[in-house]
Amino acid sequence: MGGITPPDYPTLFFFEVGQWWDYAMLLLVIALLAGGAWLAQRNMWVVLALFVVVPIALTIFWWPHSTAGTASAGWFPIVKQYSALAGSLCLVALQIFPRLRYNRWYLIIPPAILAVNIAEAVVRDFQCYGIHGVDPSQGMVTWGGPWNIMNGIAGILNLLAISGWVGIFVSKGKERALIWGDLTIGWIIAYDLWNLAYVYNCLADRAWYSGVALLASCTIPALMKFGRGAWIQYRAYTLTLWSGVVLTFPHFMHDSMFAHRSAHNPWAMLILSAAALVANVWVFAAHVRTIVSKRRNPLTQEVHADEATYASWVRDLASEEDKELIAARLGTTPEKAGFTSANGGASSV
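Only a predicted model underlies this, so the values are computations on that prediction, with no experimental measurement involved.

Examining the overall build of the protein chain
Alright, step 1. Regarding its fold elements, the protein chain presents 13 helices and six strands.
Alright, step 2. For 349 residues, the compact-globule formula gives about 20 Å, and the C-alpha radius of gyration of the protein chain, at 21 Å, lands near that figure.
Alright, step 3. In terms of overall dimensions, the protein chain has C-alpha extents of about 60 × 45 × 35 Å along its principal axes.
Alright, step 4. Looking at the protein chain residue by residue over its 349 residues, the buried ones come to 54%.
Alright, step 5. At a minimum sequence separation of 6, the contacts of the protein chain that also span at least 24 residues come to 72%.
Alright, step 6. About 15,500 Å² of surface is accessible on the protein chain, with carbon and sulfur atoms providing 70% of the total.
Alright, step 7. Computed over 22 positive and 20 negative side-chain charges, the inter-centroid distance for the protein chain is 8 Å.

Overview of unusual backbone geometry
Alright, step 1. The residue H264 is not glycine, and still its phi comes out positive at about 50°.
Alright, step 2. Note on H264: relative accessible area 9%, which makes it buried.
Alright, step 3. Of note in this structure, R295 is not a glycine but carries a positive phi near 55°.
Alright, step 4. One can find R295 in the loop between α10 (266-293) and α11 (308-317).

Regarding the packing of aromatic side chains
Alright, step 1. For the structure shown, the criterion picks out 19 aromatic pairs.
Alright, step 2. Between the aromatic rings of W20 and W21, the centroid separation amounts to 5.7 Å while the plane-to-plane angle is 75°, which identifies the pairing as edge-to-face.
Alright, step 3. W20 gets classed as exposed once you look at its relative accessible area, which sits at 63%.
Alright, step 4. Taken together, the ring pairs in this structure connect F13, F14, F15, Y23, Y200 and W208 into an aromatic cluster.
Alright, step 5. For the cation-ring pair, R261 lies above Y9, with the distance from its terminal atom to the ring centre recorded as 3.8 Å.

A few points about the environment of T67
Alright, step 1. Tracing the backbone through its elements, the reader meets T67 in the loop between α3 (63-66) and α4 (75-96).
Alright, step 2. Sequence separation between T67 and V246 is 179 residues; the distance between their C-alpha atoms is 8.9 Å.
Alright, step 3. Among all residues touching T67, those that are not within four sequence positions of it are S72, A73, L247 and P250.

Quick notes on the packing of helix α7 (residues 185-202) against α10
Alright, step 1. For the pair α7 and α10, interaxial distance at closest approach is 8 Å and the crossing angle is 150°. Put simply, α7 runs roughly antiparallel to α10. Crossing hand, α7 versus α10: left-handed. Residues G186, W187, A190, L193, W194, L196, A197, Y200 and N201 of α7 lie in contact with α10, whose contacting residues are A268, M269, L272, S273, A275, A276, A279, N280 and V283.
Alright, step 2. Partitioned by chemical class, the residues of the contact of α7 with α10 number 14 nonpolar, four polar and no charged.

Some thoughts on the side chain of D322
Alright, step 1. Structurally, D322 is set in helix α12 (residues 320-330).
Alright, step 2. Nearest to the buried, unbridged D322 among oppositely charged side chains is R101, at 5.9 Å.
Alright, step 3. Reaching out from D322, the side chain makes a polar contact with the side chain of Y102 at a distance of 3.5 Å.
Alright, step 4. Ignoring any residue separated from it by four or fewer positions in sequence, one finds D322 in contact with Y102, F169 and V170.

Points about the nonpolar core
Alright, step 1. L114, W187, W194, Y209, W231 and W242 are the most contacted members of the largest nonpolar core, which totals 99 residues.
Alright, step 2. At ten residues, α7 tops the list of elements feeding residues into this core.
Alright, step 3. Excluding residues that lie within four positions of it along the chain, W187 makes contacts with L114, I118, N158, A161, I162, W231 and V283.

Looking at the environment of A286
Alright, step 1. Residue placement: A286 occurs in helix α10.
Alright, step 2. Accessibility expressed as a relative area gives 15% for A286, which makes it buried.
Alright, step 3. As for A286 and A161, which are separated by 125 residues in sequence, their C-alpha atoms are 9.5 Å apart.

A look at α11
Alright, step 1. Within α11, seven of the ten residues are buried, leaving the element largely enclosed by the surrounding structure.
Alright, step 2. Those residues of α11 that sit buried are Y310, A311, S312, W313, V314, R315 and L317.
Alright, step 3. The inward-facing, buried residues of α11 contact β5 (169-170), β6 (178-179), α7, α12 and α13 (334-337).

What to know about the pattern of salt bridges
Alright, step 1. In this structure the tally under the stated criterion is six salt bridges.
Alright, step 2. Its salt-bridge partner being D316, residue R228 comes within 3.0 Å of it at the nearest N-O pair. Residue R228 is located in the loop between α8 (207-222) and α9 (231-248), and its partner D316 is located in helix α11; the two are separated by 88 residues in the primary sequence.
Alright, step 3. Looking at R228, the relative accessible area reads 18%, which means it is buried.
Alright, step 4. The exposure class assigned to D316 is partly exposed, which follows from its relative accessible area of 36%.
Alright, step 5. A salt bridge links D306 to K294, with the shortest nitrogen-to-oxygen separation between them at 3.1 Å. Of the two residues, D306 is situated in the loop between α10 and α11 and K294 in the loop between α10 and α11; the sequence distance between them amounts to twelve residues.
Alright, step 6. For D306, a relative accessible area of 3% translates into the label buried.
Alright, step 7. The partly exposed category is assigned to K294, whose relative accessible area is 24%.
Alright, step 8. Several salt bridges converge on common partners, so that one network encompasses K294, R296 and D306.

Cut-offs and rules
- Residues numbered from 1 in each chain as written.
- Predicted model: local features only at pLDDT ≥ 70, side-chain atom pairs only at ≥ 80, totals over all residues.
- Heavy atoms only, no water.
- Helix = DSSP H or I, 4+ residues; strand = E, 2+ residues; numbered from the N terminus.
- Rg over C-alpha atoms; globule rule 2.2 N^0.38 Å.
- Buried < 20%, exposed > 50% of the residue type's maximum accessible area, 1.4 Å probe, protein only.
- Contact = heavy atoms within 4.5 Å.
- Areas by Shrake-Rupley, 256 points an atom, 1.4 Å probe, with all protein chains shown as cover.
- Lys, Arg positive; Asp, Glu negative; His and termini not counted.
- Charge placed at Lys NZ, Arg CZ, Asp CG, Glu CD.
- Phe/Tyr/Trp six-rings, centres within 6.5 Å; stacked < 30°, edge-to-face > 60°.
- Lys NZ or Arg CZ within 6 Å of the ring centre and 35° of its normal.
- Axes fitted to C-alpha atoms, helices over the stretch in contact; angles between N-to-C directions.
- Parallel < 35°, antiparallel > 145°, perpendicular 65-115°, else oblique.
- Left-handed = near helix turned anticlockwise from the far one by under 90°.
- Nonpolar A, V, L, I, M, F, W, Y, C, P; charged D, E, K, R; others polar.
- Salt bridge = Lys/Arg side-chain N within 4 Å of Asp/Glu carboxyl O.
- Polar contact = N/O pair within 3.5 Å; in protein donor to acceptor, adjacent residues only side chain to side chain.
- Core = buried A, V, L, I, M, F, W, Y, C linked by side-chain atoms within 4.5 Å.

Pasting the structure below:
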């Protein structure tokens, strides 16, 4: 595509070829972020250390000076860190204080934070449509194009498909995971494609870590048995940890030996954004179809709770009280909704 200057280093479609240690560091970052989130989910002492003591110490002694003269300088990384930290502590409070789980006003906070973060990125994608070259606000090369519009639309659809926050519950296992089942596997994959396309479009040279590694660190656990249904917790915790790393080690992604640059390939941006748009159109259409066919209210009910995967999460992880509450919101019983061991599958209601 015309107008885009190819980079002067060897590339592999999406990113530069790089060195073996770039790939090893990618895997290490994924493992450390996922492991940190896993520990924080299960241990309040880890929460206290990672989300209270360390951020306070770094806020006083390091972050005011660490990013000066780097690509991480400015207000945006600071706002990102503290907004992610606030979101994580909001989820921690749901684990600690049981009555908050039944407070509908408090339960609006997680979807509100999620929606605002998506909306901010959508606006940025649309803004980047008109940037061709070095973005003066970020100091990075950004190539605007139709991919920004496509991905902005994908983000809007992803935002509109958020539902079922009234059904967030804490699992009865020792990990006490926060389960938000209406963020289905399909929704998560659509979100990942959209978010990866956003980072690749608008923050291209950060996409190796802030896109690939960060998304993998919260999605891989969500696809495994120990993290099923708890994607929002892994997403909040890994984002908080990574935002802190960016402020603490601002040279890591930009000019260290582990920096891994984008290929700035217009076809890569177009294909990734097209995939995000297709996935989100499909998820949104299925979401609307379920709302209409089952007469669900996405503001007061779980839209997908009687579908097989969600029902299995409720059956295995929810307390008897939560099963009754979820079923009551659907106008049925735990047995008919497939929430009991005696009834192994979910049924329509």
